[in-house]
Amino acid sequence: MKSATSRYLLLSTAVVGSLSLFALKNEYKIVADADNAGLKLPAGFGALKVADTGTRARHITVTPQGTIFVKLNRPTKEGQGILQLREGGTGKATVVAGFGNYGGTGIYSTKDYLYASSDEEVFRYKLNAKGEVTNPTQPEKVITGLLNRQQHESKSITLDQAGNIYVNVGAYANSCQVKDRQKGSMGRPNCPILDSAGGIWQFRADKLNQTYGDGTRYATGLRNVVGLDWNAQSNQLFVMQHGRDQLHDNFPELYDSKESAELPAECLYALNKGDNAGWPYTYFDPAKNKIMVSPEYGGDGKKVSTGSYLAPAMAYPAHTAPNALLFYTGTMFPEKYRNGAFIAFHGSWNRAPEPQKGYYVVFQPFKNGKPAGPYEVFADNFAGTPEKANAGRPDHKPCGLAQGTDGSLYVTDDKQGSIYRIVYAKK
Amino acid sequence: MFVLGALVWAAMPAAAQKKPVAKAKPAAKPAAAGIPAASLALGKTLYAQNCLSCHQADGGGVDRMNAPLTQTTWVLGDKTPLVKVLLNGMQGVEIDGERYANVMPAFDYLTDQQIADVLTYVRNSFGNKATAVKAAEVKVVRAANKK
């Protein structure tokens, strides 16, 4: 913490006491916290805690007018499932409104509408010229009747530039076994879950009361996607899959607990309509760089899949739970970040008894709309200490990402409800 | 509002969490009055093999995914519903005011003795203190559980 502060002081352009000032357009000064809100960041970056909401803050969006909306996993005691925040002069924000008495994950805004999801439905609220919701109790229901069987229940959402909305419907199982997560239980033939879950569904963003029948199963064979975003450069949907769990628990004769901790990779997929990423029949082995047959479907840890499944665009450490994906289009950060992806890794539990991993935000460089080169851990130490990360007992768990109007990066934490903002000190 | 057990355990170093029973007296002595040491030792192994990946080394579970086994009404309460959790699995049940998204599979393939041992271990680890579960008790619950 101390070294982070002193390093920061060296690099910052303006220093007042122990605080660094970011001068933006003169009239607005964002002040990074002296300890960068406890985060470890690359040189030149600073962070502040925008707010401590004490809620389960899932995804976050910032409207073009600068209003911050946060979707909560479950509503507050006052029945508020969406929080609206307004920033003061230094970047610290206060909750100015709350509405939407439903829990959920997804939230997304355009100039005109705020979209938010429960675990079964997607709503939208009209935004006024100031980016505020004016009819908080009368949202329009865009999509209804999506499957929620508790497991992988989040309905994450994003929009493309052609008026379509994409919704993840997670598979309500680990690997489509006859008996979910039970040792030795084999896979159900022609996995029936895939009819209505385990994929991304496409709907119209401006049509109301749509159900499965009105939408299209845009991509299938995706176990659970929490982070997804539209890449405007390649005009393509990218998603982060949560890979399957428990290879060792359920097939101890095929995988030891060390292998199980590293298998399978968490994968980034570049989707086209009709793609099949292979769940539950396959999983991706990052060391072999191969799509493997799942043990529930006749695999033995060595059998490579011969099916025609979509290969991942990039792979990340197993079980680290990518909960948000964001393509960075701002100009505040240095050139290399432009059009690259930030990914918030919520952190693992299924690496035990090996140390847990994650609880960080990664940067994935992109070139011409494709991942280019290795990722780097961008914002680390949400856990508080390496020991807390290893033990799977982090202080904070990064869950949502949003780009501010000035190009800063917002990160939510659904453990304590902290909202972070990462800024770059322009030289 | 948050899982209390998790917060308490978060303050402890990782190494300490790996051996929750280490705090109890040396191996020769029973950990608590009336708790058979052999059952505890076998239960610990069974826990590591079958339960640890979800409920974690410290028994604290995983936020909103896997329920904690620390001071819950299920762990410390009546043994019949507790044994049934292992025989039938569990999903979508609110536990002490919190919901968990993951699935607890059935462990009906474990023997009566194994279920007794692992539950005896759980009921006397992670800060829990409760009477031992006996194989004969599991047998009775299993017989009544059959449809």
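In the block above lies the structure referred to throughout.
If you're wondering where the values come from, they're calculated on a predicted model, not measured in any experiment.

**Details of the overall build of chain B**
Piece 1. Secondary structure assignment for chain B yields eight helices and zero strands.
Piece 2. Counting from the amino terminus, helix and strand elements in chain B follow one another as α-α-α-α-α-α-α-α.
Piece 3. Buried positions account for 52% of the 147 residues belonging to chain B.
Piece 4. Restricting to contacts in chain B with at least 6 residues of sequence separation, those with at least 24 account for 62%.
Piece 5. For chain B, the accessible area works out to roughly 7100 Å², and carbon and sulfur atoms hold 64% of it.

**Looking at the overall build of chain A**
Piece 1. When helices and strands are counted, chain A shows four helices and 32 strands.
Piece 2. For chain A, whose C-alpha radius of gyration is 21 Å, the value lies close to the compact-globule estimate of 22 Å for 427 residues.
Piece 3. Along the first, second and third principal axes, the C-alpha set of chain A runs to 65 × 50 × 45 Å.
Piece 4. Taken over 427 residues, chain A has a buried fraction of 62%.
Piece 5. A fraction of 57% describes how many contacts in chain A between residues 6 or more apart in sequence connect residues 24 or more apart.
Piece 6. About 15700 Å² of surface is accessible on chain A, with carbon and sulfur atoms providing 50% of the total.
Piece 7. Positive and negative charge centroids in chain A, built from 48 and 39 side chains respectively, lie 2 Å apart.

**Considering the interface of chain A and chain B**
Interface size, as often reported, equals the accessible area lost upon joining of the parts.
Piece 1. Facing 28 residues of chain A, the contacting portion of chain B comprises 33 residues.
Piece 2. For the pair chain A and chain B, the summed buried area comes to about 2700 Å², and 46% of that belongs to carbon and sulfur atoms.
Piece 3. Here chain A is connected to chain B by six salt bridges.
Piece 4. Linking chain A with chain B are eleven residue pairs in polar contact (both at pLDDT 80 or more), by the criterion used here.

**Focus on the nonpolar core**
Piece 1. Counting residues in each nonpolar core, the largest one holds 41 residues, and the members touching the most others are F333, F342, F378, L401, L409 and I422 of chain A.
Piece 2. Once residues within four sequence positions are removed from consideration, F378 of chain A is found in contact with K40, L41, P42, F45, F333, Y337, F342, V361, V362, F363, L409 and I422 of chain A.
Piece 3. By size, the runner-up hydrophobic cluster in this structure holds 33 residues, among which are A67, L87, M90 and L119 of chain B.

**Quick notes on the sheet that holds strand β20 (residues 275–276) of chain A**
Residue and element names in this part refer to chain A.
Piece 1. Strand order in this open sheet of five strands is β13-β14-β15-β16-β20, and the pairing throughout is mixed. Only two strands of the sheet have a single neighbouring strand rather than two, namely β13 (157–159) and β20.
Piece 2. With three bridges connecting them, β13 and strand β14 (residues 164–169) associate as antiparallel partners. Residue pairing for β14: I157 is matched across the bridge by V167.

**Focus on helix α7 (residues 112–123) of chain B**
Residues and elements named next belong to chain B.
Piece 1. The terminal C-alpha atoms of α7 lie 16 Å apart, and with twelve residues this matches the ideal 16 Å at 1.5 Å per residue to within 8%.
Piece 2. Of all twelve residues making up α7, ten are buried, and the element is well covered by its neighbours.
Piece 3. Turning to α7, its buried residues are D112, I115, A116, D117, V118, L119, T120, Y121, V122 and R123.

**Let's talk about helix α3 (residues 37–50) of chain B**
Residues and elements named next belong to chain B.
Piece 1. With 14 residues, α3 should cover 20 Å at 1.5 Å per step; its first-to-last C-alpha distance of 20 Å lies within 8% of that length.
Piece 2. If you check which residues of α3 are buried, you get S39, L40, G43, L46, Y47 and N50. The buried residues of α3 occupy an angular sector of 125 degrees when projected down its axis, which confines them to one face.
Piece 3. Those residues of α3 that are buried lie in contact with α4 (52–55) and α7.

**Brief notes about the state of the cysteines**
Piece 1. Counting across every chain of the model gives one disulfide over all chains.
Piece 2. C176 of chain A shares a disulfide with C191 of chain A; S-S distance 2.2 Å. Residues C176 of chain A and C191 of chain A share a disulfide whose torsion about the S-S bond is about 95 degrees; that sign makes it right-handed. Placement of C176 of chain A in the loop between β14 and β15 (199–204) and of C191 of chain A in the loop between β14 and β15 is noted, with a sequence separation of 15 residues between them.
Piece 3. The closest cysteine sulfur to the non-disulfide-bonded C54 of chain B is located on C51 of chain B, 8.8 Å from its own sulfur.
Piece 4. Residue classification places C54 of chain B among the buried residues on the basis of a relative accessible area of 11%.

**Re the environment of Q236 of chain A**
Residues and elements named next belong to chain A.
Piece 1. Relative to the helices and strands, Q236 resides in strand β18 (residues 236–241).
Piece 2. Taking the C-alpha atoms as reference points, Q236 and L326, separated by 90 residues in sequence, lie 13 Å from one another.
Piece 3. Dropping the residues within four chain positions of it, Q236 is found in contact with D229, W230, N231, A270, L271 and N272.
Piece 4. Engagement of the side chain of Q236 in a polar contact is seen with the side chain of N272, the distance being 3.3 Å.

**Here's the deal with unusual backbone geometry**
Residue and element names in this part refer to chain A.
Piece 1. The linkage connecting W279 with the following residue, P280, adopts the cis geometry, with an omega of 0 degrees.
Piece 2. Structurally, P280 is set in the loop between β20 and β21 (282–285).
Piece 3. A cis amide bond links A352 to the next residue, P353, at an omega of 5 degrees.
Piece 4. Considering the arrangement of structural elements, one finds P353 in the loop between β25 (341–345) and β26 (360–364).
Piece 5. The backbone of H319 sits at a positive phi, close to 65 degrees, despite the residue not being glycine.
Piece 6. Residue position: H319 is located in the loop between β23 (314–316) and β24 (322–327).

**A short note on the packing of α3 of chain B against α7 of chain B**
Residues and elements named next belong to chain B.
Piece 1. At a minimum axis distance of 7 Å, the contact between α3 and α7 shows a crossing angle of 95 degrees. Of the possible angle classes, the one that applies to α3 and α7 is roughly perpendicular. Counted together, S39, L40, L42, G43, K44, L46 and Y47 of α3 and Q114, A116, D117, V118, T120, Y121 and V122 of α7 form the full contact between these two elements.
Piece 2. In terms of residue class, the contact of α3 with α7 is built from eight nonpolar, four polar and two charged.

Rules behind the numbers
- Residues numbered from 1 in each chain as written.
- Chains lettered and ligands numbered in written order.
- Predicted model: local features only at pLDDT ≥ 70, side-chain atom pairs only at ≥ 80, totals over all residues.
- Heavy atoms only, no water.
- Helix = DSSP H or I, 4+ residues; strand = E, 2+ residues; numbered from the N terminus.
- Buried < 20%, exposed > 50% of the residue type's maximum accessible area, 1.4 Å probe, protein only.
- Contact = heavy atoms within 4.5 Å.
- Areas by Shrake-Rupley, 256 points an atom, 1.4 Å probe, with all protein chains shown as cover.
- Rg over C-alpha atoms; globule rule 2.2 N^0.38 Å.
- Lys, Arg positive; Asp, Glu negative; His and termini not counted.
- Charge placed at Lys NZ, Arg CZ, Asp CG, Glu CD.
- Buried area = accessible area lost by both parts, 1.4 Å probe.
- Salt bridge = Lys/Arg side-chain N within 4 Å of Asp/Glu carboxyl O.
- Polar contact = N/O pair within 3.5 Å; in protein donor to acceptor, adjacent residues only side chain to side chain.
- Core = buried A, V, L, I, M, F, W, Y, C linked by side-chain atoms within 4.5 Å.
- Pairing = 2+ DSSP bridges.
- Expected span 1.5 Å × (residues − 1).
- Arc of directions from axis to C-beta.
- Disulfide = S-S within 2.5 Å.
- Axes fitted to C-alpha atoms, helices over the stretch in contact; angles between N-to-C directions.
- Parallel < 35°, antiparallel > 145°, perpendicular 65-115°, else oblique.
- Nonpolar A, V, L, I, M, F, W, Y, C, P; charged D, E, K, R; others polar.

Any functional reading would require information that these geometric values do not contain.
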